[in-house]
Amino acid sequence: MMLFKSIQRMTATAGLLAGLLASTAAYAETNLVVGYQQIVGPFVAAIADGRFDAAAKEVGYTIDWRQFSSAGDITTALASGDVPIGVLGSTGTAAAATRGVELQLFWILDNIGKSEALVARDGSGIETPADLKGKKVAVPFVSTSHFHLLVGMSKVWNVDPREVEILNLKPPQIVAAWQRGDIDAAYVWPPALSEILKTGKAISDSEVIGAASVPTFDGLVVDKAWAAENPKLMEAFTKVLAESYADYNANKAKWTVDSPEVQGIVKLIGGDGPSTVEALGLLSFPNADEQASDTWLGGGATRALSESAKFLVEQKQIGKSLDDYAPFVNADFAAAAAK
């Protein structure tokens, strides 16, 4: 009987010890929340195939991936501390930084490039941007398209915006107005862009305007203090970004409608194979060495944020812009990943 009780106590102790060890293991990893949006690219493919999760696990982190419907929602989550890493466009990043969110842009997800374009409707009489004078041009206000339309007019084409009737229409409204013949041109992104190109032609795009002025882009930002406190995760995270971008740029022909990469993107953010492949083709994805160069995180992104902020002030979305946006851009992680 005593032997039986001793065995019981030993078994119970072993069970308790095993439970404690299991509990310790379960809570050993740090949870990281990453906010993303419905934007195609190597970043999303690497989420879908588990590369980020595997790299994070190796350095003691688990990632909670959360999809957000807007940049505003991600900005709020960043400001509250709920989401240390998130996806923001260039105008959204400029707005958040100006409003006091302590963030740093550390990766350019994509150069918007040809995925946003100025299209002239067939029969409108518009052959070049100079022909916009006296015409009706639709664009969603306070968007990257709106930003580049105005930058194109004032700094690239020498067209006075006051001589153009610029209409504030959302993408679906642009398509409807286009089909009715109510507008002569529009600056917009897919799927509206794809629709209006059926009866129109692109006369400029954000790749051209960005090269002549400042680019518009989508990027990854991180809470500044969090990044400083979690260097191993930032290193591992950025390394996956660098590898996935290098893989895409070297093998983009393999990213077909039925490829695992494209299907992974579709599964994660919706859409279909053909539209995803089309969207990928309109964007450009800088490799790690380009990320760290003066074109992007080494200087270009800072200039873009500054110009975007000035634009937001003009549109009365923020009170005033900051003198310097360099503290909100960090090229170190990309530079390390490029080595």
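Residues numbered from 1 in each chain as written. Predicted model: local features only at pLDDT ≥ 70, side-chain atom pairs only at ≥ 80, totals over all residues. Heavy atoms only, no water.

## Observations regarding the confidence of the model for the protein
Low pLDDT marks stretches whose predicted atomic positions should not be read closely.
Part 1 of the argument: Considering every residue of the protein, the mean pLDDT works out to 90; 92% of them sit at 70 or more.
Part 2 of the argument: Contacts for the low-pLDDT stretch residues 1–28, under 50 throughout, to residues beyond four places or in other chains number one contact. (pLDDT = per-residue confidence, 0-100. Contact = heavy atoms within 4.5 Å.)

## What about empty space enclosed by the protein?
Part 1 of the argument: Inspection of every chain in the model, using the stated rule, returns one cavity of 30 Å³ or more.
Part 2 of the argument: The space that makes up the largest cavity amounts to roughly 60 Å³.
Part 3 of the argument: If you list the elements that add at least two residues to the lining of the largest cavity, you get α2 (42–48) and β4 (103–111).
Part 4 of the argument: Per-class residue counts for the lining of the largest cavity are nine nonpolar, two polar and one charged. (1 Å grid on protein atoms, 1.4 Å probe; cavity = no way out; pocket = protein on both sides within 12 Å on 5 of 7 lines; lining within 4 Å. Points joined across faces, edges and corners; volume = space filled by probe spheres on them. Helix = DSSP H or I, 4+ residues; strand = E, 2+ residues; numbered from the N terminus. Nonpolar A, V, L, I, M, F, W, Y, C, P; charged D, E, K, R; others polar.)

## A short note on the nonpolar core
Part 1 of the argument: Counting residues in each nonpolar core, the largest one holds 95 residues, and the members touching the most others are Phe43, Phe52, Ile85, Phe106, Trp107, Leu220 and Phe237.
Part 2 of the argument: Looking at this core element by element, the count peaks at nine residues for helix α11 (residues 231–251).
Part 3 of the argument: Excluding residues within four positions of it along the chain, Trp107 makes contact with Asp218, Gly219, Leu220, Thr238, Leu241, Ala242, Tyr245, Pro286, Ala288, Gln291, Leu297 and Ala334. (Core = buried A, V, L, I, M, F, W, Y, C linked by side-chain atoms within 4.5 Å. Buried < 20%, exposed > 50% of the residue type's maximum accessible area, 1.4 Å probe, protein only.)

## As for unusual backbone geometry
Part 1 of the argument: Positive phi values are uncommon outside glycine, yet Asn158 reaches one of about 55°.
Part 2 of the argument: A positive phi is found at Lys316, a non-glycine position, where the angle reads about 60°.
Part 3 of the argument: Inspection of the secondary structure puts Lys316 in the loop between α15 (300–314) and α16 (332–338).

## Topic: the packing of aromatic side chains
Part 1 of the argument: Scanning the model with the defined rule gives 15 aromatic pairs in all.
Part 2 of the argument: Taken together, a centroid distance of 6.3 Å and an interplanar angle of 65° make the contact between Tyr61 and Trp226 edge-to-face. Taken together, the residues Tyr61 in strand β2 (residues 61–67) and Trp226 in helix α10 (residues 224–229) connect sequence positions 165 residues apart. One exposure class covers both Tyr61 and Trp226, and it is buried. (Phe/Tyr/Trp six-rings, centres within 6.5 Å; stacked < 30°, edge-to-face > 60°.)

## Quick look at the sheet that holds strand β3 (residues 85–89)
Part 1 of the argument: Taken in spatial order, the five strands line up as β2-β1-β3-β10-β4 in an open sheet, and their pairing is mixed. Both outer strands of the open sheet, β2 and β4, are each paired with one neighbouring strand and no more. Across the sheet, the mean angle separating the axes of adjacent strands is 25° when strand polarity is ignored.
Part 2 of the argument: Bridging between β3 and strand β10 (residues 217–223) involves five bridges; their strand directions are antiparallel. Note that in β10 the partner of Gly86 across the bridge is Val221.
Part 3 of the argument: Those strands touched by helix α5 (residues 90–98) are β3, β4 and β10, and its axis lies near 115° from that of β3.
Part 4 of the argument: Where α11 meets the sheet, its contacts fall on β1 (30–36), β2, β3, β4 and β10, and the angle it forms with β4 comes to roughly 10°. (Pairing = 2+ DSSP bridges. Axes fitted to C-alpha atoms, helices over the stretch in contact; angles between N-to-C directions.)

## As for the layout of surface pockets
Part 1 of the argument: Considering only enclosed or pocket space, the largest pocket measures out at about 1300 Å³ in volume.
Part 2 of the argument: Lining the largest pocket are 41 residues; nearest its centre among them are Gln37, Gln38, Ile39, Trp189 and Asp218.
Part 3 of the argument: Within the residue set of the lining of the largest pocket, elements represented by two or more residues are α4 (71–80), β3, α5, α12 (260–269) and α13 (273–282).
Part 4 of the argument: Here the lining of the largest pocket is built from residues that sort into 17 nonpolar, 18 polar and six charged.
Part 5 of the argument: Each pocket or cavity is described by its volume, and for the second largest pocket that value is around 180 Å³.

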